[in-house]
Amino acid sequence: MLGKLIGYETKAFGRIMVPLYIAMLAFALFTGLSIRFVPEDIMQGLPGVLIGMLYGVLMMAIIIMTCVLSVTRFYKNLLGQEGYLMFSLPTDTATLIVSKVISVLIWTGFSTIVAFMAIALSALGAGGIEAFRELLHFFRHPEILQHLSQISGVLILTVLMIIAGTAASIVRIYAGIAIGHQFNDHRILFSIVALIAFNIIGTIWSTLLSTFGFYTGVFESLSRIFEADTVQGICIAQTGMIGVLLFQVALFGILTWVLLDRRLNLE
Amino acid sequence: MSMLECTALSKNYGSVEALRSIDLTLESGRIVGLVGPNGSGKTTLIKLAQHLLTPTSGVITIDGMIPGPQTKAIVSYLPDRDFLPQWMNLDELMTFYHDFFPDFNPAKAADMLDALGVSGRQPLGKMSKGTREKVQLIFTMSREAKVYLLDEPIAGVDPATRDYILRTILSNYSENALVLISTHLITDVEPILDEVVFLQKGTIELHENADALRERTGKSIDGYFREVYRCWGN
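Residues numbered from 1 in each chain as written. Chains lettered and ligands numbered in written order. Predicted model: local features only at pLDDT ≥ 70, side-chain atom pairs only at ≥ 80, totals over all residues.

## Observations regarding the overall build of chain B
Under the convention used in this document: Labels follow the DSSP assignment, with helices taken as runs of H or I lasting at least four residues and strands as runs of E lasting at least two, numbered in each case from the N terminus. Within these notes, the globule rule equals 2.2 Å times the number of residues to the 0.38 power, and the radius of gyration is based on C-alpha atoms. Field definition: a residue is buried when 20 or more other C-beta atoms are found within 10 Å of its C-beta, exposed when 12 or fewer are, and partly exposed for counts in between, with C-beta atoms placed from the backbone. C-beta atoms are first placed from the backbone for all residues, and any pair lying within 7 Å is then listed as a contact.
Looking only at helices and strands, chain B features 9 helices and 9 strands. For 234 residues, the compact-globule estimate of 2.2 N^0.38 gives 17 Å, and the C-alpha radius of gyration of chain B, at 18 Å, lies within 12% of that figure. Each of the three principal axes of chain B carries a C-alpha extent, and together these read 50 × 35 × 35 Å. Split into buried and exposed, the 234 residues of chain B put 41% on the buried side. Here the analysis covers contacts within chain B between residues at least 6 apart in sequence; of these, 71% occur between residues at least 24 apart.

## A word on the domain arrangement of chain A
All names here are of chain A. Stated precisely, the cut-off is as follows: Domains are outlined according to an automatic or database domain assignment.
Partitioning chain A into structural domains gives domain 1 (1–130) and domain 2 (141–267). Just the C-alpha atoms count here: the centres of domain 1 and domain 2 sit 24 Å apart. The interface of domain 1 with domain 2 comprises 18 residues on the first partner and 17 residues on the second. Those elements giving two or more residues to the side of domain 1 that touches domain 2 turn out to be α3 (46–79), α4 (83–86) and α5 (93–139). Tallying contributions element by element places α5 first for the side of domain 1 that touches domain 2, with 7 residues.

## A look at the packing of helix α5 (residues 129–141) of chain B against helix α6 (residues 159–172) of chain B
All names here are of chain B. Defined as follows: To define axes, lines are fitted to C-alpha atoms, for helices over the stretch in contact only, and angles between the resulting N-to-C directions are given on a 0 to 180 degree scale. Oblique is the label for any angle not under 35 degrees, not over 145, and not in the 65 to 115 range, which are roughly parallel, roughly antiparallel and roughly perpendicular in turn. Throughout this entry, Asp, Glu, Lys and Arg are counted as charged residues, while Ala, Val, Leu, Ile, Met, Phe, Trp, Tyr, Cys and Pro are counted as nonpolar. The remaining residues, Gly among them, count as polar.
Where α5 meets α6, the closest approach of the two axes is 10 Å, and the angle between their N-to-C directions is 5 degrees. In this view, α5 runs roughly parallel relative to α6, as classed from their interaxial angle. Judged by residue contacts, Gly 130, Glu 133, Lys 134, Leu 137, Ile 138 and Met 141 of α5 engage Thr 161, Tyr 164, Ile 165, Thr 168, Ile 169 and Asn 172 from α6. Here the contact of α5 with α6 is built from residues that sort into 6 nonpolar, 4 polar and 2 charged.

## Side note on the nonpolar core
Here is the rule: Here, a nonpolar core denotes buried Ala, Val, Leu, Ile, Met, Phe, Trp, Tyr and Cys residues that are linked to one another through C-beta atoms within 7 Å.
The biggest cluster of nonpolar side chains holds 100 residues, and the ones touching the most others in it are B:Val147, B:Leu149, B:Val179 and B:Leu180. Each of domain 1 (1–130) and domain 2 (141–267) of chain A gives at least three residues to this core. With near-sequence residues (within four places) excluded, B:Val147 lies in contact with B:Met3, B:Leu4, B:Ile62, B:Ile74, B:Val75, B:Ala177 and B:Leu178. Membership of the second largest hydrophobic core comes to 7 residues, among which are A:Ala28, A:Val114, A:Leu121 and A:Leu124.

## Some thoughts on the sheet that holds strand β1 (residues 2–13) of chain B
All names here are of chain B. Rules: At least two DSSP bridges between two strands are required for those strands to pair.
Pairing is antiparallel in the open sheet, where 3 strands are placed in the order β2-β1-β4. The sheet terminates laterally at β2 (16–27) and β4 (57–62), the two strands that pair on one side only. Put simply, the sheet's adjacent strands are angled 20 degrees from each other on average, direction ignored. Relative to β2, β1 runs antiparallel, the two sharing 8 bridges. Pairing of Ser 2 across the sheet is with Glu 27, part of β2. Contacting β1, β2 and β4, helix α1 (residues 42–49) runs over the sheet at an angle of about 115 degrees to β1.

## Observations concerning α1(B)
All names here are of chain B. Across the 8 residues that make up α1, a large majority, 7, are buried. Lys 42, Thr 44, Leu 45, Ile 46, Lys 47, Leu 48 and Ala 49 are the residues of α1 that are buried. Remark: His 51 follows α1 within two positions and exhibits a positive phi of approximately 60 degrees.

## Here's the deal with the interface of chain B and chain A
The accessible area lost on association of the parts is a frequent measure of interface size. Across the contact, 18 residues belong to chain B and 16 residues belong to chain A. Those elements that provide at least two residues to the side of chain B that touches chain A are α2 (69–72) and α3 (90–100) of chain B. Broken down by element, the residue count for the side of chain B that touches chain A peaks at 3 residues, all from α3(B). Grouping the amino acids of the side of chain B that touches chain A by side-chain chemistry returns 12 nonpolar, 2 polar and 4 charged.

Quick look at the structure:
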């Protein structure tokens, strides 16, 4: 059932995001070709400025639409009128919530890939195939490869941290929306109030954790490890951060589940 | 066989009592009218049966099970609003129902849509309100469910559509299924009802066989309803 739900979400996201991706990639290539073939004096004038602006607008549109859809798909599909259908499916509430979170992670990943592809296409358009060869050559350089292998642990943990951070942010927003839906009026306002309250509690919690880390000597030990082996120090700090983020995912996930399963208040 | 059972079932919204300790048993193979004025607790009872709400106290079971994923697999629910994704067209909706409801019968849905002349790749949001309501009913009745919960299926539609909806309910529910129709338009549904449950201020005022009620009172269900509710209103 989880796979089917993710597939359905993919379709719902895709009908809006795919045309945006195609527009972005096509425009990125056009921008690159313009840089290559249009005389420099024209590109430095108004047409160049407009192309640059449009490029920026499309990139922003992808980022904003990914964020907007991540929230509205949850809000409309589960707590709006469509919620009557979704909560009538023969599955449990937890599966519905998990499908939303995984879909957001997938589409955030797609948007990131498309952003990088757009930059690569601009470079390809501007510099031709030669530019790509040079880039590949750079990454094949023995010193670069050796350096990358040394920090591979940090890179993998960074990716995991970004995934856990995105999941924690989105589940926190879902919990805020679920709290807002406990009220019959001003639901969006109460959702925002709940999110502000989460931020305040989060800040207090971070301060308490820092104080705990300082007085128990955890920071001192970490700093000694960091001085002795920087990479190992970063890895330990990242692992700790991932743990904290996963704890947040669990905490806000359970709160969202309780509110949607036990105190559902559909329109 | 008991298909829907409520024991001392209560639901409060804050200080408002929507349902007050009701006891009710509905058998399979019956078409039951759940009638009562606005705010009498009809929709609350249906939402509790579909686990869209949880009881404040008491128990509700469907086929002996507490409402949850297992009961949703055997209950086909029609809410009193546009609940289908408006961006989907009929083909996408067919795929959706086929994917998520194992008891969905696509051939039955296709036949009904054909008979209605609804087709094409138009999204639901672009269809007229009447057509959307028919489509919602068709998809609800195209499941081979054990229980059909129909919340105000004929409210706000024209008389021709009402006839179509009632014919669709009659000709498409499985004979071993329980059909619970919530409505305040009793005249229209009266001909198809086997039983009637009168709700008033969250309590069951009457639960009786439709023919027995007509015979006992010498009135139609609608006539009796109007008379009794006028008294209760006073």
